Amino acid sequence: MTSISKGEIIEALSLEGEEQETLHDEACNLRDETVSNNLYFRGLIETSNICVNDCLYCGIRTSNKKIKHFELTSEEIMHCVDLAAERSLSAVVLQSGERRGPRYADDMAGVVSHIKKAHPAVSMTLSFGELSRDQYQKLYEAGAERYLLRIETSDEKHYRRLHPEEMSFKNRLQCLENLREIGYQIGSGVMINSPFQTLENLADDILFLKNLDIDMCGMGPYIPHEESPLAHLPYAPDKALSLGLNMIALLRTAMPDINIAATTALETLSLHGKELGLLAGANVIMPQFSPPEKRGDYMLYDNKPVAFENYDDLINKLVEAGISCGMTPSLKDPGHSLHFLKRKNYDNTH
Ligand code: 5AD
C-alpha cells in the first residue's frame, strides 16, 4: 500500500514547473501500472437543476431566482442515454440538484430500471445528493451501481463556512456510509481552492478520502458564480488550476487503484483542462450528453462549458485526446473501479 504523509502532501501541493511535471508523471506511471492506461468514458446527463439546498458557492442554489428551472422527463433522459449508447459508451452519470419530496427517488428509480432494461450493459452512476437510506436502496435495486456524493471539504468547520446552517456534515457522512453498506461503488470528492480553504485542509481531504476508502473520485477547482454570496472574494484561476491538477496526482499517489475523473471545471480554467487532468493521473472523462438547450441552465459556476458539438465529433476528439495523453480509450468498457472489485473480492480478470 502506498503511504504518503500529510507533510509530504502539503509540500507537493504547491509544486510548479519541472517538479510539478515529475509529480504528474509519477502519478501517471502509478496509474498505468495499477489500473492500466485505459481511459474510461461516462456520458454526463444533467437531469434537473431544481435544488433545495443553498450552498454558498453554487450557481443552482435555491436562492438564485434568476435560473430557469427544468426537469427532464423520463423519455428525455432515455433519449440522452440512447445517444451515449449509440456512441458505444457503456457508462452514464445522472446528476441533478437535491430534492426532498418522497416521490423524487421513486420517479428516478422508475427511470433507472427503464434504462437498465433498454441498455443492460450500461452502468449507471447517480449523483442526486443526500437521500434517505431507503431511497438509496430503491435506486440500487432499480439498477444503479455507483453513487457520487462529494463531501466538498473534509473539515467540518470549513464545511460550515460554505453551507447554510440547515445542511449537516454528519448527515453527508452518514449518506456515504449508507451507500457503501448498500453495495454501491462509492465516489466522493472535494472542491479545490474553495474560499477559506488552506493547503492543510486539502492534505486532510486526501487522507480523508483514503480513510473513507472511496472507489472513485470527482473533484475539481472551485470557480465563482456571479449570483452566489462568495463571488466577491478574490480568486486566482491559475492557482486553482495548478492545485486542481496536483490534487489529482496526489490522490492517485495515495489511492492508486481508484477511478479519478478529469472534471469539467478544469476545462473552464484551461482549454486543455481535460488533457491536463489525464496527464496528472486521472483515468475517466465525462462528456456532456445533457440536451444542448438545457446546458445553459445548469450553471454551477461562471463560464461552465455549454457549447454543443456533434456527438460523433466530440467522442472522436476525446479519443484522440486520450491517445495524445498516452492512454488507451476504452469506450465499450464500463470501467468498474479496480478498488471496488478488489474490495468485493471479484476476480477482476473476468
Ligand atoms: N465551483 C466548482 N464546483 C462547484 N460545484 C458547485 N458549485 C461549484 C463552483 N462554484 C460542484 C460541487 C457539487 C458539484 C455538483 O458541483 O462540488 O458537488
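Up top is the structure.
To start, this report covers the structure provided alongside it.

### Details of the site of the ligand
Piece 1. Taken together, the neighbourhood of the ligand is formed by Tyr 57, Cys 58, Gln 95, Arg 150, Glu 152, Met 191, Pro 221, Tyr 222, Ile 223, Leu 300 and Tyr 301.
Piece 2. Between the ligand and the protein, one listed contact pairs an oxygen atom with a side-chain N or O atom of Glu 152 at 2.5 Å.
Piece 3. Contact distances for the ligand include 2.7 Å between a nitrogen atom and a backbone N or O atom of Ile 223.
Piece 4. Burial of the ligand by the surrounding chains reaches 88%, relative to a free accessible area of 410 Å².
Piece 5. Comparing atom positions with the cavity grids shows the ligand to sit within the largest cavity.
Piece 6. Of the residues that constitute the shell around the ligand, the class distribution is eight nonpolar, one polar and two charged.

### Here's the deal with the environment of Val 306
Piece 1. Mapped onto the fold, Val 306 is located in the loop between β11 (284-285) and α12 (311-324).
Piece 2. Overall, Val 306 belongs to the partly exposed group, its relative accessible area being 35%.
Piece 3. Counting along the chain gives eleven residues from Val 306 to Arg 295, while the straight-line C-alpha distance between them is 5.4 Å.
Piece 4. Filtering out sequence-adjacent residues up to four positions away, Val 306 remains in contact with Arg 295, Gly 296 and Met 299.

### So, unusual backbone geometry
Piece 1. The phi torsion at Ser 88 lies on the positive side, around 70°, for a residue other than glycine.
Piece 2. With respect to the helices and strands, Ser 88 occurs in the loop between α3 (74-86) and β3 (91-96).
Piece 3. Phi angles above zero are rare outside glycine, and Asn 193 is one such case at about 65°.
Piece 4. Asn 193 gets classed as buried once you look at its relative accessible area, which sits at 13%.

### Quick notes on empty space enclosed by the protein
Piece 1. Using the criterion set out here, one finds two cavities of 30 Å³ or more in the structure.
Piece 2. Approximately 920 Å³ is the volume found for the largest cavity.
Piece 3. Of all elements in the fold, only β2 (43-48), β3, β4 (123-127), β8 (216-217), β9 (220-221), β10 (259-262) and α10 (264-269) reach the threshold of two or more residues within the lining of the largest cavity.
Piece 4. Looking at the lining of the largest cavity residue by residue, the classes come out as 25 nonpolar, 13 polar and eight charged.
Piece 5. In terms of lining residues, the second largest cavity is bounded by Lys 274, Glu 275, Leu 278, Ile 285, Leu 318 and Ala 321.
Piece 6. Of all the elements in the fold, those that place two or more residues in the lining of the second largest cavity are α11 (273-279) and α12.
Piece 7. With three residues, α11 is the single largest residue contributor to the lining of the second largest cavity.
Piece 8. Considering only residue class, the lining of the second largest cavity consists of four nonpolar, no polar and two charged.

Rules used in this analysis
- Residues numbered from 1 in each chain as written.
- Predicted model: local features only at pLDDT ≥ 70, side-chain atom pairs only at ≥ 80, totals over all residues.
- Heavy atoms only, no water.
- Near = heavy atom within 4 Å.
- Polar contact = N/O pair within 3.5 Å; in protein donor to acceptor, adjacent residues only side chain to side chain.
- Areas by Shrake-Rupley, 256 points an atom, 1.4 Å probe, with all protein chains shown as cover.
- 1 Å grid on protein atoms, 1.4 Å probe; cavity = no way out; pocket = protein on both sides within 12 Å on 5 of 7 lines; lining within 4 Å.
- Sits in = over half its atoms within 2 Å of the grid points.
- Nonpolar A, V, L, I, M, F, W, Y, C, P; charged D, E, K, R; others polar.
- Helix = DSSP H or I, 4+ residues; strand = E, 2+ residues; numbered from the N terminus.
- Buried < 20%, exposed > 50% of the residue type's maximum accessible area, 1.4 Å probe, protein only.
- Contact = heavy atoms within 4.5 Å.
- Points joined across faces, edges and corners; volume = space filled by probe spheres on them.

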